[in-house]
Every structure is written in C-alpha cells, then in structure tokens.
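Spelled out from the first residue to the last, the chains are:
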Amino acid sequence: MSLDPQRLAPMANAIRALSMDAVQAANSGHPGMPMGMADVATVLWSKYLKFDPAAPKWPDRDRFVLSAGHGSMLIYSLLHLSGYASPTMEDIRNFRQLGSVCAGHPENFLIPGVECTTGPLGQGLAMAVGMAMAERHLNAVFGDGLVDHRTWVVAGDGCLMEGINHEAIGLAGHLKLGRMVVLWDDNRITIDGDTDLSTSEDIAARYEATGWHVTSCDGHDFADIARAIDEAVADERPSLVACRTIIGKGAPNKQGGHNVHGAPLGGDEIAAAREYLGWDAAPFEVPEAILSDWRTTGERGASAHAEWNSRLAAAPDAQEFSRRMAGDLPDGEQAAAAFDAWLGESQKVATRKASELALGVLTPLVPEMVGGSADLTGSNNTKTKATPPFSADDYSGRYVYYGIREFGMAAAMNGMALHGGIIPYGGTFLVFSDYCRNAVRLSALQHQRVVYVFTHDSIGLGEDGPTHQPVEHVMSLRMIPNLNVYRPADIIETAECWNLALQSRETPSVLALTRQNLPQLRSSGEMLSAKGAYRLQSAGAERKVVLVATGSEVELAVNVRAALEAQGIGADVVSMPCAELFLKQDAAYRADVLPHDTLKVSIEAGVTMGWERFTGTDGINIGIDSFGASAPAEVLFEHFGLTVDKIVPQITEKLA
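Residues numbered from 1 in each chain as written. Predicted model: local features only at pLDDT ≥ 70, side-chain atom pairs only at ≥ 80, totals over all residues. Heavy atoms only, no water.

(A) Spotlight on the overall build of the protein chain. The helix and strand tally for the protein chain stands at 27 helices and 20 strands. By the compact-globule yardstick of 26 Å for 656 residues, the protein chain fits well, its C-alpha radius of gyration being 28 Å. C-alpha extents for the protein chain along the principal axes are approximately 90 × 55 × 45 Å. By residue count, 62% of the 656 residues in the protein chain fall in the buried class. Long-range contacts, defined as pairs at least 24 residues apart, comprise 77% of the intrachain contacts of the protein chain with a sequence gap of at least 6. Put simply, the protein chain shows about 23,600 Å² of open surface, and 50% of that area lies on carbon and sulfur atoms. (Helix = DSSP H or I, 4+ residues; strand = E, 2+ residues; numbered from the N terminus. Rg over C-alpha atoms; globule rule 2.2 N^0.38 Å. Buried < 20%, exposed > 50% of the residue type's maximum accessible area, 1.4 Å probe, protein only. Contact = heavy atoms within 4.5 Å. Areas by Shrake-Rupley, 256 points an atom, 1.4 Å probe, with all protein chains shown as cover.)

Written as structure tokens, this is what we have:
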C-alpha cells in the first residue's frame, strides 16, 4: 500500500473515531494514546507488519505487542478494521463491559490477535524481548524458511520509566535482537501531567548505551514514520523509534494535555473532534471505502502465509516444528524409564540438586526446554550438558544467562512461552521471587507454561540470614490463581513435580527447592504428587493424628510420627507437594487423606497463615511467623522449634 496521505489519513481517523466512541460509551478508558498513535499504527499495519487476519496463530506472523495496554482501543480497532474475526463491532460497542472480549486492557486469552496481556506498564516490552529471543532461537534451529519474523512494540512513557525497562533493554541489547522494534509514543504526558514533572533523563542516550539503535520521527507525518521504520529495519541492533506525537490527536480542545489520557472526551469534544477530523460517520460505523482500504492491509500477509505453508509442507523437519509450536510434548517413555531407575536407589540430595538431575534427564529429550538463571546458575542448578548458552553468537543455545534481572527474566520467559515453540524455565532464590512476582502473576493470568525454579526455600539455607531466608513466600505464591506451587520432599517428588510442570500446558509452575540435603523417602513408582497430597506413611497404632508437611519438613514429620507411634499414638504422614492440585481432588479423596476425626498438624518452615484450611481452627500449625536469623541450618531449626522434641509435646498436650 502506498503512503498516500489522502488514503492513510482517513484510515487513521477510523482508529480515532472508534477509540473515542468506545471510551465514551463505556464512560471509562483511555482515548489519548490510540488517538495519538493512530498515524504510526496505520503506517505499520499498512506497509510493514506481516499478518494474516484469517490465521491469527500463524507461527511465522510478526508479533505486535501493545505494551501501553491502557490504550487498548488501538489494538481492538486495528484488529477489527484489518479483518480479524474478533473483535466484532458489537464487541467494541461493549468495550469494558462484562462479557465483552474488549476488556479494559488487552487479554491474550480473549482475542486470538492479542499476543499478550498488557497493562502493567513495561511488561509488554519485556515480554516482547522474550518473543524476539524465541524467534531467533527457532530461526537458528529451523532456518529462515520456517521462522523469519519481527517483533513490534508500541510503548509509552510509562513503559520506559518502569524499572523493568532497564532490565529488558539491557538484555535485548546484549543479545543483539535486531528483529525487535519499539515504537515509542513520545507524547511527553503522564497521568499527573507533563513528563517534566517527574523525569529529565535522556531516554535515547539510555537506549544507545545498552546497545540499541535509536531514531526519531514526526509521529503524524506518514512519510517520516516510514523513513524511521526503514532505518530501524535496516539496522542489526534492536531499535527504538521515538515517535513524537500529540496525545489525543484530533480532539481540538483537549489534545496535548493530560486530561485526555484516561477519561472520556465528553459529547461536546467528540462532536468537535468529528468536525476537526472531517469524520461524518455515526458512532461505531466506518465508511465502506475506508474499511475496504483497511481490509487490504492483510493481503500481503495472506500471500506470505500461503508461501510459508508451501515451505512447511516441503520441510524435512516440518513435523518437529509443528509439534513444538503446538505445545505437544515428545514421547516420554525414555524419561519415565530413567526416573523409574531412581526408585531402587537411596539418594540423599538437596531438591535443587534433584532438580538438576531431573533436568539432566529431561533437557536432552525435550529440546524445546530453554533454561536460565538470574546470575545464580551454580546455586539454582538449572544448567545441563544439553543446554549450551544462548547468545548473540549462537541463538541455537538453550541456556540464557539473564544476569541480575529477576523481573526481566520472568517477563522474557512469559514472552517465549507466548511466542510458542519453547518451554522456558528460569531460576533465582525464592526470596527474590518478590522481584518478579508481577510477571509470575502474568504467567498465571495468561495461562502460560512457564517454570520457575526458586531455590534456597527456607531457613534451611542457613547463614545468609533473614534477608535471604524466605518465610512468607511459599504461602504468598499459593495465593496467585492458576499457579501450581510445588515443594517436593525428596528426589522422587522432585522428578514428579518436573513432569507435572511440563504437562501443565495452561498453568505455570513454581518449584520451591532446598539448599540442604534430604533423604529419599519414596520408593513407589506411582505418580503420587499428581494428587497434590498423599499418605506417605500410615498409622501403626490407632490413628489419632495426621501430620501434613511439605518439602524438607516431610522428613521431620516422619520422625515426629515415629516418636508418636513409640508412645502408642497412631499418626499418618501426609506429604503435600502441591496444595493447588490437592484442592482439585474430589471431596472423598480429600476426606480420606485428611479425616475429620483426627488432629491435623501442619509442619512447614514458613508462615502458618493459610494452613488452617487443611488443619481446621482446632488443629496445630507448626511454622515460622517471624523473620529468620543468621546461623547454621540445624541451629535455626532448633531455634524456631522445628524439631521432634519441640513438636511432639505440643501434639500430646493437645490430645490430652
């Protein structure tokens, strides 16, 4: 499509009209950004973006990420106008209403053309880094014929201010992700007012310092926009295009001010904008000629898609490529046989080491697994012989050295998972999960198979002290919906938890793993961890107590049981590696594992809040409701009452 302003201007105005009308109808939303970036988006969609509206999940499409997710009417308008089946005009009419796919911020699980859920500023751009990494990796594995696309981002001032932006662009620059282009909506406005109220940094210089190519353009001059994008496409580095725009462009009395950022324009201003723009169509109507121009934007992509289909049909590795992109796991018999061999052994290892051993089995057999760590590889035990480094010199590598960028790592893993063809996993200390918590939440919200390897999971890490000893973290992570939090008790449970994590296509997983060695407690080959909790040991004497424990405290529960049984008190030991999976079991199973007529005792080296759900208010909750301390692990367990001698008297007193 040519860059004729007589053709493009009405197309851009269609975005402006839909955006202001939808926000007005909802009496809620952000019209300023989509109106300001309408010209840039029109050029991108018309000349550069590779997409096929009839196939929104075509693997080799360009990825478009609206990092400034508050301006969601931009993506909704673009998808509808260019011919995607969703959203419909009726959906747009119902913007921000219950049941409409046009949510206040774009949701990847509601509309196929939305690549990722955005709104928490900065994370869209950071996820796009992961998408660009995935594209380069799969290109290195399968070649240009099957994987050759770009990642485009529209980001606002807020996205560039957020701390995660520093982490994300540093990683992208270091990895030389030249297929990534960020279009910065440089309108110099935030909710509070002009950006000079809060910042005076040289953003272009910051990006250049991290290895990015930077250029700029007049965001309302179609030719200049194209000139800047051409520069970005030609450069081998990731690119930032500073698009100088006017927020709310087209609203004659409000454009350029912060009041147009996050509120409806109002009836009078919308009428004035229609006159200013020469837009005569009724609300939620687009003139046929303009709509026809928009529908032609997908023709280039449809042709490219047809050519790609021919290449895929002739490719010798088409089946493997399609398997990975579909998210299907390879045959698991070889891995199962390797894990079964462990049952006959008695390995006393930390669960972080057990995880490394499990990864040693899995990573050669599941080539789509791409690992990494936030500068704690030797502590997280996340690297295997099958995962050489992913780098600017070798994108075929399968291990990312993320540096001290926990938040950026988590967001990049979300992007890789969203791109498809990769199962990402990454490690840090559990206490530092706070740094990346919002990205973990987005993993769950977006239904992505991302695996978080969080090691050093309790006071058991010892001398590093309370700054590094997680206390509230496991329970707080359990609060996130659609997140499976695994805390395995030994090497067998660790292998099971890894298998369950890989099989969870729409649920991310956390593996909370120990620094200290734990004995092997299991010799059964049944996948007991899949139940979330199970009876590890049954009472010998008449059952009066059920000890429920996780992770390293399961060994303690076994020893407590032995002491109770020696006193004639029957006690079960229940291992609960995943509370979320246990709560999904039927009522009969849950009642069998946790009988109502017993004293239930939880034992976990963390906060006790939340355990009442399983023990009842008349149970006993053994844990740590304070910060830890600096000392050897065994001293700390004694100090905080996590020993047989401290726990048994509490139980016998309760039973008396």
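(B) Broad picture of the pairing of strand 7 (residues 239-244). A large share of strand 7 lies buried, amounting to 5 of its 6 residues. Across 6 bridges, strand 3 (residues 180-186) lies against strand 7 in parallel orientation. Across the sheet, residue aspartate 185 finds its bridge partner in strand 7, namely cysteine 243. When strand 6 (residues 213-218) meets strand 7, the two strands line up parallel, connected through 6 bridges. Bridge pairing in strand 7 places serine 216 opposite alanine 242. (Pairing = 2+ DSSP bridges.)

(C) Region of interest: the pairing of strand 17 (residues 543-549). When you tally the buried positions in strand 17, you get 5 out of 7 residues, the bulk of the element. Across 6 bridges, strand 17 lies against strand 18 (residues 570-575) in parallel orientation. Bridge pairing in strand 18 links valine 545 to alanine 571. The parallel pair strand 17 and strand 18 is bridged by helix 22 (residues 553-566), and the resulting crossover is right-handed. Here 5 bridges tie strand 17 to strand 19 (residues 599-603), and the two strands are oriented parallel to one another. The partner of valine 548 across the bridge, within strand 19, is serine 602. (Right-handed = clockwise from strand over helix to strand, strands pointing away.)

(D) Structural view of the nonpolar core. Membership of the largest hydrophobic core comes to 124 residues, with the highest contact counts inside it found for Phe64, Leu125, Met133 and Leu183. Here this core gets 10 residues from one element, more than from any other, and that element is helix 1 (residues 5-26). Contacts of leucine 183, omitting those with residues within four sequence positions, involve Met37, Val40, Leu44, Val153, Val154, Ala155, Ile229, Val241 and Cys243. (Core = buried A, V, L, I, M, F, W, Y, C linked by side-chain atoms within 4.5 Å.)

(E) Looking closely at the side chain of glutamate 135. Within the element layout of this structure, glutamate 135 appears in helix 6 (residues 123-142). Among all residues touching glutamate 135, those that are not within four sequence positions of it are Val147, Asp148, His149, Arg179 and His419.

(F) Up close: the sheet that holds strand 9 (residues 369-373). Taken together, 6 strands build an open sheet; the order of strands is 10-9-11-12-14-13 and the sheet is parallel. In this open sheet, the two strands that pair with only one neighbour each are strand 10 (399-401) and strand 13 (484-486). Each strand axis lies, on average, 20° off the axis of its neighbour in the sheet, ignoring direction. Summarising the sheet, strand 13 and strand 14 (residues 509-513) pair through 3 bridges and their orientation is parallel. (Axes fitted to C-alpha atoms, helices over the stretch in contact; angles between N-to-C directions.)

(G) How the structure looks around the packing of helix 16 (residues 351-365) against helix 21 (residues 491-503). At a minimum axis separation of 9 Å, helix 16 and helix 21 run at an interaxial angle of 50°. Viewed along their axes, helix 16 and helix 21 adopt a mutual orientation that is oblique. Considering only the axes of helix 16 and helix 21, their crossing is right-handed. Touching Thr351, Ala354, Ser355, Leu357, Ala358, Leu359 and Leu362 of helix 16 are Ile491, Thr494, Ala495, Trp498 and Leu502, all from helix 21. Of the residues contributing to the contact of helix 16 with helix 21, the split by class is 9 nonpolar, 3 polar and no charged. (Parallel < 35°, antiparallel > 145°, perpendicular 65-115°, else oblique. Left-handed = near helix turned anticlockwise from the far one by under 90°. Nonpolar A, V, L, I, M, F, W, Y, C, P; charged D, E, K, R; others polar.)

(H) Expanded view of the packing of aromatic side chains. With the rule as written, the count across this model stands at 19 aromatic pairs. Arranged with centres 5.0 Å apart and planes meeting at 75°, the rings of phenylalanine 339 and tryptophan 342 form a pair that is edge-to-face. Highlighted residues: phenylalanine 339 and tryptophan 342, both in helix 15 (residues 333-342), separated by 3 residues, approximately one helical turn. Exposure remark for phenylalanine 339: the relative accessible area of 9% places this residue in the buried category. Against the face of tyrosine 399 rests lysine 383, its NZ or CZ located 5.8 Å from the ring centre. Its end group placed over the ring of tyrosine 589, lysine 531 keeps NZ or CZ at 5.0 Å from the ring centre. (Phe/Tyr/Trp six-rings, centres within 6.5 Å; stacked < 30°, edge-to-face > 60°. Lys NZ or Arg CZ within 6 Å of the ring centre and 35° of its normal.)

(I) Expanded view of the sheet that holds strand 7. Strands sit in the order 1-2-3-7-6 across an open sheet of 5 strands; the sheet is parallel. Bordering the open sheet on either side are strand 1 (63-66) and strand 6, each of which pairs with just one other strand. Here the average twist between neighbouring strands, direction ignored, is 20°. Two strands pair when backbone bridges link them, and strand 2 (residues 151-155) and strand 3 are joined in this way by 5 bridges, in the parallel orientation. Bridge pairing in strand 3 links alanine 155 to tryptophan 184. Contacts from helix 10 (residues 222-234) reach strand 2, strand 3, strand 6 and strand 7 within the one sheet, and its direction differs from that of strand 6 by about 170°.

(J) Structural view of unusual backbone geometry. Here the residue pair serine 86 and proline 87 is connected by a cis peptide bond, since its omega of 10° sits within 30 degrees of zero. Along the chain, proline 87 falls in the loop between helix 4 (72-82) and helix 5 (89-93). Not every positive phi belongs to a glycine, and lysine 176 is a case in point at roughly 55°. Relative to the helices and strands, lysine 176 resides in the loop between helix 8 (163-175) and strand 3. Positioned with a positive phi, phenylalanine 284 is a non-glycine residue whose angle comes to about 65°. Relative to the helices and strands, phenylalanine 284 is located in the loop between helix 11 (267-277) and helix 12 (288-295).

(K) View of a nonpolar patch on the surface. Together, Phe109, Leu110 and Leu445 line one region of the surface with nonpolar side chains, adding up to about 210 Å² of accessible area. For leucine 110, the position within the fold is in the loop between helix 5 and helix 6. (Patch = residues over 30% accessible without salt bridge, like charges linked within 9 Å, V, L, I, M, F, W, Y side chains within 5 Å. Salt bridge = Lys/Arg side-chain N within 4 Å of Asp/Glu carboxyl O.)

(L) Focus on the packing of helix 6 against helix 14 (residues 318-326). Orientation of helix 6 relative to helix 14, taken along the N-to-C sense of each, is 160°, at an axis distance of 11 Å. The angle between helix 6 and helix 14 falls in the class roughly antiparallel. Between helix 6 and helix 14 the crossing geometry is right-handed. Together, Leu138, Val141 and Phe142 of helix 6 and Glu320, Phe321, Arg324 and Met325 of helix 14 make up the contact between the two elements. Of the residues in the contact of helix 6 with helix 14, the class split is 5 nonpolar, no polar and 2 charged.

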